Amino acid sequence: MSIDGAWGTGKSAMLNYIEQHLDLHRCSIVRFNPWALSEKEQILFSLFEEIYDCIDNEFTNAKLRFFEYAQKLSKPVSKVATYFAQAYNGIPHQVAALPSEATSEVVGQVTKSIFEKPISKRRKEVEQGLESMVVEDKKKIVIFIDEIDRMYPDKVIQIFQAIKSVLDLPGLLFVVSMDRASINDSLEKVGISRTDDYLHKIFQHNFQIAPRHQLRTLCSHVLLPAMEIGKY
């Protein structure tokens, strides 16, 4: 879902309010700010990293399948290999993110595993793994994305592609705050003329923040009920 509004209308405040009122026993929360990332290739990797960290360790199948899916799609391979191979073996992510002396060996092992299955099969496996997690644990991972309208057009497109194609998976719910006018301008700059149609394919729900709305009322009576587990 998207929360639309011009700069200064309270989009970030709305995200904070939603987060404060979510049931943390039923939702794991990711606050993702792609504006802080300097390179396009970091965006998808960082999203995978955050989501992977939110999958409970007790759901080993879901975590493993997501791990393999991330290997297949993330770049660069060396960074992905080092991080995920170490993190999956129990090394804290703060340490796993550091360069490894064994990077070349890890890269070789992971690169080989990447080509063992096509992406279609890996996606099916990760869908099944996450679906079982949602059914058994009755939890979702809610990813809040803010300040997307400050990004360059190519990065905006990458975020939208990730939400629509790569990470449209069971149990993942994206809440994106954005200035629609700025986003439309970015989409037009990369050759997308029918911007409303494009965004409609990505967001199932769109909520407009305007001065006539009270943030608390909008959140309590519209957003939070729409995010109840089991509806989407």
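The model shown is predicted, which means the values in this text are computed figures rather than measured ones. (Residues numbered from 1 in each chain as written. Predicted model: local features only at pLDDT ≥ 70, side-chain atom pairs only at ≥ 80, totals over all residues. Heavy atoms only, no water.)

S.K.: I keep staring at the environment of I202 and nothing clicks. Help me out?
M.R.: Within the secondary structure, I202 is located in helix α10 (residues 195–202). Given the relative accessible area of 7%, I202 is considered buried. A C-alpha to C-alpha distance of 10.0 Å links I202 and A162, two positions 40 residues apart in sequence. With sequence-adjacent residues up to four places away left out, I202 is seen in contact with F160, I163 and K164. (Helix = DSSP H or I, 4+ residues; strand = E, 2+ residues; numbered from the N terminus. Buried < 20%, exposed > 50% of the residue type's maximum accessible area, 1.4 Å probe, protein only. Contact = heavy atoms within 4.5 Å.)

S.K.: What am I meant to see in the sheet that holds strand β2 (residues 27–32) here?
M.R.: Paired through their backbone hydrogen bonds, the strands of a sheet run either parallel or antiparallel. Read across the sheet, five strands follow the order β2-β3-β4-β1-β5 without closing on themselves; strand pairing throughout is parallel. Each edge of the open sheet is held by one strand with a lone partner, namely β2 and β5 (206–208). Going across the sheet, the axis of each strand differs from the next one's by a mean of 15 degrees, ignoring polarity. Bridge analysis of strand β3 (residues 140–145) against strand β4 (residues 172–178) gives five bridges, and the strand direction is parallel. Counterpart to I141 in the pairing with β4 is L172. (Pairing = 2+ DSSP bridges. Axes fitted to C-alpha atoms, helices over the stretch in contact; angles between N-to-C directions.)

S.K.: Explanation requested: the packing of helix α3 (residues 60–73) against helix α7 (residues 119–137) in the structure shown.
M.R.: Helix packing for two helices is described by the angle between their axes and how far apart those axes are. Between α3 and α7, the shortest axis-to-axis distance is 8 Å and the interhelical angle comes to 150 degrees. The pairing of α3 with α7 is recorded here as roughly antiparallel in orientation. Remark: the crossing between α3 and α7 carries left-handed chirality. Two secondary-structure elements touch here, α3 through N61, A62, R65, F66, E68, Y69, K72 and L73 and α7 through I119, R122, R123, E125, V126, G129, L130 and M133. The residue makeup of the contact of α3 with α7, split by class, is eight nonpolar, two polar and six charged. (Parallel < 35°, antiparallel > 145°, perpendicular 65-115°, else oblique. Left-handed = near helix turned anticlockwise from the far one by under 90°. Nonpolar A, V, L, I, M, F, W, Y, C, P; charged D, E, K, R; others polar.)

S.K.: In this structure, what is going on with the pattern of salt bridges? I would like to understand it.
M.R.: Any two side chains of opposite charge can pair, given that their charged atoms come close. A complete count under the given rule lists eleven salt bridges for this structure. Close ionic contact of R150 with E147 constitutes a salt bridge, the shortest N to O distance being 3.8 Å. It is possible to trace a salt-bridge network through shared partners that takes in R65, E68, R122 and E125. (Salt bridge = Lys/Arg side-chain N within 4 Å of Asp/Glu carboxyl O.)

S.K.: Sorry, what's going on with the nonpolar core here?
M.R.: Most often, soluble globular proteins have nonpolar side chains that are buried together. The biggest cluster of nonpolar side chains holds 44 residues, and the ones touching the most others in it are F32, F66, I143, I148, I159, F160 and L167. The residues contacting L167, other than those within four sequence positions of it, are L47, F48, I51, F66, A162, L172 and F174. Grouped together as the second largest cluster of nonpolar side chains are 19 residues, M14, V175, C219 and M227 included. (Core = buried A, V, L, I, M, F, W, Y, C linked by side-chain atoms within 4.5 Å.)

S.K.: Please explain the packing of aromatic side chains as it appears in this structure.
M.R.: Here a ring pair, both rings aromatic, is described through the centre-centre distance and the interplanar angle of the planes. On inspection of all chains with the given rule, the structure shows five aromatic pairs. Each ring, one from F160 and one from Y198, has its centre 6.2 Å from the other, and the planes form 55 degrees; the classification is tilted. With F160 in helix α8 (residues 153–166) and Y198 in helix α10, this residue pair connects regions lying 38 residues apart in the sequence. Joined through ring pairs, the aromatic side chains of F48, F66 and Y69 make up one cluster. (Phe/Tyr/Trp six-rings, centres within 6.5 Å; stacked < 30°, edge-to-face > 60°.)

S.K.: How do you make sense of the pairing of β4 when you look at a structure like this?
M.R.: As a general feature of sheets, a regular strand has side chains that alternate between the two faces. Extensive coverage of β4 is indicated by the burial of seven of its seven residues. Neither face of β4 is open: one carries L172, F174, V176 and M178, the other L173, V175 and S177, and all of them are buried. When strand β1 (residues 2–4) meets β4, the two strands line up parallel, connected through three bridges. Looking at the pairing, I3 lines up with S177 of β4. Chirality of the crossover, the property in question, places the unit of β3, α8 and β4 among those that are right-handed. (Right-handed = clockwise from strand over helix to strand, strands pointing away.)

S.K.: What should I look at first to understand the side chain of S2 in this one?
M.R.: Considering the arrangement of structural elements, one finds S2 in strand β1. Side chain to side chain, S2 and N206 meet in a polar contact 2.7 Å long. (Polar contact = N/O pair within 3.5 Å; in protein donor to acceptor, adjacent residues only side chain to side chain.)

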